Amino acid sequence: MSIISVKNVTKKFRENTVLKNVSLEIEKSSVTGLIGRNGSGKTVLMKCILGLVSPDSGSIFVRDKRVGKDIDIPDNVGVIIETPGFLPNFSAYNNLMQLAKIRRKIGKNEVRAAIKLVGLDPDNKKHVGKYSLGMRQRLGLAQAIMEDPDILILDEPLNGLDKEGAADMRKFLLGLKDQGKTLLIASHSAEDVDTLCDTVYEMDKGIISKVR
């Protein structure tokens, strides 16, 4: 049973067709990889699944509800899209607490736990504006998991991590799959895809094909 189903989706921006009749099925408790060069359509596809961009034709279902019709934006989904944006003059903890207050689903304990899970210190007062790219990616992943979503849509989640950090995060992501979560990951890294993904799709100029 597919938890995410994309059926014949096309999306144009003016004269540029960025998604061309794209279809894919994502099974529950699996890791699906999207590979392809910059500009191939990966991020736009993710935004369509999330309800942030409306396709010109075709349909997208998340948990059997049609995005843009039955629901505007799927709930219980953790997201990293492009470089995570945070308040530069706040600490990691204060950034995530500001976000947690929006939906009021979690509190201090869950925020602290999420920060620890990705290898950061919730008591560190260092401003996020002084973080390295790898630290910001870790914090982005903490934000994505802090409300315990059952679906994670992650665009280049290991970008900027050193070799050891990337290996740690791969283990962490596989642990999420073992907990029954469903992951859709876009990556340029062959190692990430080979290590993490059950199913892999390649995108090229808006056209999708199943690799394995």
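What counts, and at which threshold
Numbering of residues starts from 1 in every chain and runs along the sequence as written. Local features are withheld for residues below a pLDDT of 70 in this predicted model, meaning they are given only at 70 or higher, and side-chain atom pairs are given and counted only at 80 or more; totals for whole chains, interfaces and linings count all residues. Side-chain measures here rest on the full set of heavy atoms in the structure, leaving out hydrogens and waters. Strands are treated as partners if at least two bridges between them are detected by DSSP. Helix numbers and strand numbers start at the N terminus; a helix is a DSSP run of H or I with at least 4 residues, a strand a run of E with at least 2. pLDDT: the predictor's confidence for each residue, scored from 0 to 100. A contact between two residues is defined here by any heavy atoms of the two lying within 4.5 Å. Helix axes are fitted to C-alpha atoms over the stretch in contact, other axes to C-alpha atoms as well, and angles between N-to-C directions run from 0 to 180 degrees. Angle categories are assigned with fixed cut-offs, so that under 35 degrees is roughly parallel, over 145 is roughly antiparallel, 65 to 115 is roughly perpendicular, and the rest are oblique. Helix crossings get a hand from a simple test, with the near helix turned counterclockwise from the far one by less than a right angle marking a left-handed crossing and a clockwise turn marking a right-handed one. Amino acids outside the nonpolar list (Ala, Val, Leu, Ile, Met, Phe, Trp, Tyr, Cys, Pro) and the charged list (Asp, Glu, Lys, Arg) are all regarded as polar, and Gly is one of them.

## So, the pairing of strand β9 (residues 199-204)
Piece 1. As paired elements, strand β3 (residues 31-35) and β9 share 4 bridges and run parallel to each other. Across the sheet, Gly-33 pairs through a bridge with Val-200, a residue of β9.
Piece 2. When β9 meets strand β10 (residues 207-210), the two strands line up antiparallel, connected through 4 bridges. Bridge pairing in β10 links Met-203 to Ile-208.
Piece 3. A loop of 2 residues connects β9 with β10, the two strands running antiparallel in sequence, and Lys-205 in this loop sits at a positive phi of about 55°.

## What to know about the confidence of the model for the protein
Piece 1. In the predicted model, the protein carries a mean pLDDT of 94, and the fraction of residues at 70 or more is 99%.
Piece 2. Predicted confidence in the protein is weakest over helix α6 (residues 190-196), with a mean pLDDT of 88, and strongest over strand β4 (residues 57-62), with 98.

## Regarding the sheet that holds strand β2 (residues 16-27)
Piece 1. Spatial strand order, β2-β1-β4-β5: 4 strands in an open sheet with antiparallel pairing. The strands lining the two open edges of the sheet, one partner per strand, are β2 and β5 (65-66).
Piece 2. Against the sheet, helix α1 (residues 42-49) engages β1 (2-13), β2 and β4, with an angle of about 60° to β2.

## With respect to the packing of helix α2 (residues 92-103) against helix α3 (residues 108-117)
The description of two packed helices rests on the angle between their axes and on the distance between the axes.
Piece 1. Two numbers describe how α2 lies on α3: the axes approach to 10 Å, and their chain directions differ by 130°. Classified by the angle their axes make, α2 and α3 are oblique. Between α2 and α3 lies a crossing of right-handed hand. Two secondary-structure elements touch here, α2 through Ala-92, Tyr-93, Leu-96, Met-97 and Ala-100 and α3 through Lys-108, Val-111, Arg-112 and Ile-115.
Piece 2. Counted by class, the contact of α2 with α3 contains 7 nonpolar, no polar and 2 charged residues.

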